Amino acid sequence: ASDLNKFLNNRLYSALPDPIKLLVKQVSVKSSIGDKSLETMTSECYINIPSLLDVDISYKDTSPYNEEVNSKTVISYIIDKEVRKRAFDNGEAYSYWLRSPNATNNTNTSYYVWYVKADGTTNGLGTPTTENGVVIEMSF
């Protein structure tokens, strides 16, 4: 029900050319219900943001991240930190958000979200005021 999820699956999906829309599959995506909750919910999405476990398998036995996984355990082409890097046209790498909250560090006064740093490593100390990019995921 997040604004980002609505934007991705309504506005952005609607803006795709029809031949692309015909190729994109709607999939069940599990994620936190938000507001620092460790509870997960399932959304039907054409476009989504990768979770921590989609890009970093080392947290596979850690709750609630193992709850974010459906039939897959990792995006096989992003498991290495070198491959997780994303760059602008000029080659400068940037950080980007994941959809996973940091379950061990969220408190009443602070909120942290997992992200991929410019060097390709994952980090759980991103605050919502931090400027990071967004990487989208679609299933074909």
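### Describing the overall build of the protein
Move 1: Scanning the protein from N- to C-terminus turns up four helices and ten strands.
Move 2: Across the protein, helices and strands are ordered from the amino to the carboxyl terminus as α-α-β-β-β-α-α-β-β-β-β-β-β-β.
Move 3: For the protein, buried positions account for 38% of its 140 residues.
Move 4: Contacts spanning at least 24 positions in sequence make up 53% of the contacts within the protein whose residues lie at least 6 apart.
Move 5: Roughly 8,300 Å² of accessible area belongs to the protein as shown, and the carbon and sulfur atoms make up 52% of that amount.

### Describing the sheet that holds strand E6 (residues 96-101)
Whenever strands of a sheet pair, they do so through backbone hydrogen bonds, lying parallel or antiparallel.
Move 1: With mixed pairing, the four strands of this open sheet are ordered in space as E8-E7-E6-E9. Among the strands making up the open sheet, the edge pair consists of strand E8 (122-126) and strand E9 (133-134).

### Quick look at the nonpolar core
Move 1: Of all hydrophobic cores here, the largest spans nine residues; its members are Leu52, Val55, Ile78, Tyr94, Tyr96, Leu98, Trp114, Val116 and Val135.
Move 2: Mapped onto this core, the elements with two or more residues apiece are helix H3 (52-55), E6 and strand E7 (113-116).
Move 3: Membership of the second largest hydrophobic core comes to six residues, among which are Leu8, Tyr13, Val24 and Ile49.

### Re the packing of aromatic side chains
Move 1: Taken as a whole and judged by the stated rule, the model has four aromatic pairs.
Move 2: Here the aromatic rings of Phe88 and Tyr94 are separated by 4.7 Å at their centres, their planes lie at 40°, and the arrangement is tilted.
Move 3: We classify Phe88 as partly exposed; its relative accessible area is 47%.
Move 4: Each ring, one from Tyr94 and one from Tyr96, has its centre 6.5 Å from the other, and the planes form 65°; the classification is edge-to-face. For the pair Tyr94 and Tyr96, a shared accessibility class is recorded, and that class is buried.
Move 5: An aromatic cluster is built from Phe88, Tyr94 and Tyr96, whose rings are joined through pairwise contacts.

### Structural notes on a nonpolar patch on the surface
Move 1: Taken together, the side chains of Leu4, Phe7, Val134 and Ile136 present a nonpolar region at the surface, about 320 Å² in accessible area.
Move 2: Topologically, Ile136 is positioned in the loop between E9 and strand E10 (137-138).

### Some remarks on the environment of Ala93
Move 1: For Ala93, the position within the fold is in strand E5 (residues 93-94).
Move 2: Ala93 sits in the partly exposed class, given a relative accessible area of 32%.
Move 3: Discounting chain neighbours no more than four positions away, the residues touching Ala93 are Arg86, Ala87 and Ala118.

### Section: the environment of Leu98
Move 1: The topology assignment puts Leu98 in strand E6.
Move 2: With 45 residues separating them in the primary sequence, Leu98 and Leu53 have C-alpha atoms 9.5 Å apart.
Move 3: For Leu98, the residues in contact, after removing those within four places along its chain, are Ile49, Pro50, Ser51, Leu52, Val55, Val113, Trp114, Tyr115, Val116 and Thr122.

Conventions we followed
Residues numbered from 1 in each chain as written. Predicted model: local features only at pLDDT ≥ 70, side-chain atom pairs only at ≥ 80, totals over all residues. Heavy atoms only, no water. Helix = DSSP H or I, 4+ residues; strand = E, 2+ residues; numbered from the N terminus. Buried < 20%, exposed > 50% of the residue type's maximum accessible area, 1.4 Å probe, protein only. Contact = heavy atoms within 4.5 Å. Areas by Shrake-Rupley, 256 points an atom, 1.4 Å probe, with all protein chains shown as cover. Pairing = 2+ DSSP bridges. Core = buried A, V, L, I, M, F, W, Y, C linked by side-chain atoms within 4.5 Å. Phe/Tyr/Trp six-rings, centres within 6.5 Å; stacked < 30°, edge-to-face > 60°. Patch = residues over 30% accessible without salt bridge, like charges linked within 9 Å, V, L, I, M, F, W, Y side chains within 5 Å. Salt bridge = Lys/Arg side-chain N within 4 Å of Asp/Glu carboxyl O.

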